[in-house]
Amino acid sequence: MTHLGNYKLVFLGDQAVGKTSIITCFMYGNFDTNYQATIGIDFLSKTMRHEDTTFRLQLWDTAGQERFKSLIPSYIRDSSVAVIVYDVANKQSFINASKWIEDVRAERGNQVIIALVGNKPILFIEGKQNSKQVSIEEGDNKARELGALFIETSAKAGFNIKPLFCKIASALQGTETQTWTRQEDLVDVNLKPMTNLSHSEQQQGN
Ligand code: GTP
């Protein structure tokens, strides 16, 4: 087993797009429908195993609210990975994702891996009839244009959360060659209700 070091990941994106929910789903395998805005910046860490390599990930969850924006640049400066989240049912959050990517590039150039994440793909994955305002193609095209990885996730359905972190891990290993979503990433739908892991299982992941 190889240990590939510690990596800082910063989660960016508009208010209520699902940054905290993605992190919570990855860390604990659960989902909370109640919205609690992140105040300032939250920090969690997790050891992840990917293809015989362990990664120690430091996850920095930023607040989407405008009043906390001034805190964010110093976290961008320090991070090897920026995960930029938008809500597929909120076009403005997708438009604003470009601004986040530009800010990260301005600060870190090519010294950073950027993952663009379209969260809450309700129509297809969560089975609701809400309108999807951003298509998978639009997300994919923006990611290609801006040199980012791309994936759609549902923190609610637990869909594509692990593949998101696997893509990031592959990119950290230098083996991620495709910057677009492969077909198999789109069909791995898991609608089983998620159960809370026991406390000891949570600890194992840390
Ligand atoms: P800030 O802390 O304000 O920046 O928000 P955030 O981006 O961390 O969003 P958060 O994870 O708190 O989620 C906002 C709301 O969206 C909550 O009510 C979540 O339950 C809901 N939500 C998050 N992910 C999903 C998803 O995949 N599907 C659905 N339907 N709702 C989601």
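All of these numbers come straight from a predicted model, not from anything done at the bench.

Draft legend 1. Fine view of the environment of Ala157. Note that Ala157 resides in the loop between β6 (149-153) and α6 (161-173). Here the alpha-carbon distance between Ala157 and Tyr7, two residues 150 residues apart in the chain, equals 27 Å.

Draft legend 2. Summary view of the packing of helix α1 (residues 19-28) against α6. The contact between α1 and α6 brings their axes to 9 Å, and the two run at 90 degrees. Taken together, the axes of α1 and α6 lie roughly perpendicular to each other. Residues Ile22, Cys25 and Phe26 of α1 form the contact with α6, whose own contacting residues are Ile161, Leu164 and Phe165. Residue composition of the contact of α1 with α6, grouped by class: six nonpolar, no polar and no charged.

Draft legend 3. Local environment of the pattern of salt bridges. For the structure on display, the rule yields eight salt bridges. Note that Lys132 is salt-bridged to Glu152, the shortest N-O span being 2.9 Å. Taken together, the positions of Lys132 in the loop between α4 (122-126) and α5 (136-145) and Glu152 in strand β6 put the pair 20 residues apart, joining distant regions of the chain. Glu152 matches Lys132 in its accessibility class, with the two residues each being buried. For Asp140, the salt bridge is made with Arg144, and the minimal N-O distance between the two is 4.0 Å. Of this pair, Asp140 and Arg144 both sit in helix α5, four residues apart, which is roughly one turn of that helix.

Rules and cut-offs
Residues numbered from 1 in each chain as written. Predicted model: local features only at pLDDT ≥ 70, side-chain atom pairs only at ≥ 80, totals over all residues. Heavy atoms only, no water. Helix = DSSP H or I, 4+ residues; strand = E, 2+ residues; numbered from the N terminus. Axes fitted to C-alpha atoms, helices over the stretch in contact; angles between N-to-C directions. Parallel < 35°, antiparallel > 145°, perpendicular 65-115°, else oblique. Contact = heavy atoms within 4.5 Å. Nonpolar A, V, L, I, M, F, W, Y, C, P; charged D, E, K, R; others polar. Salt bridge = Lys/Arg side-chain N within 4 Å of Asp/Glu carboxyl O. Buried < 20%, exposed > 50% of the residue type's maximum accessible area, 1.4 Å probe, protein only.

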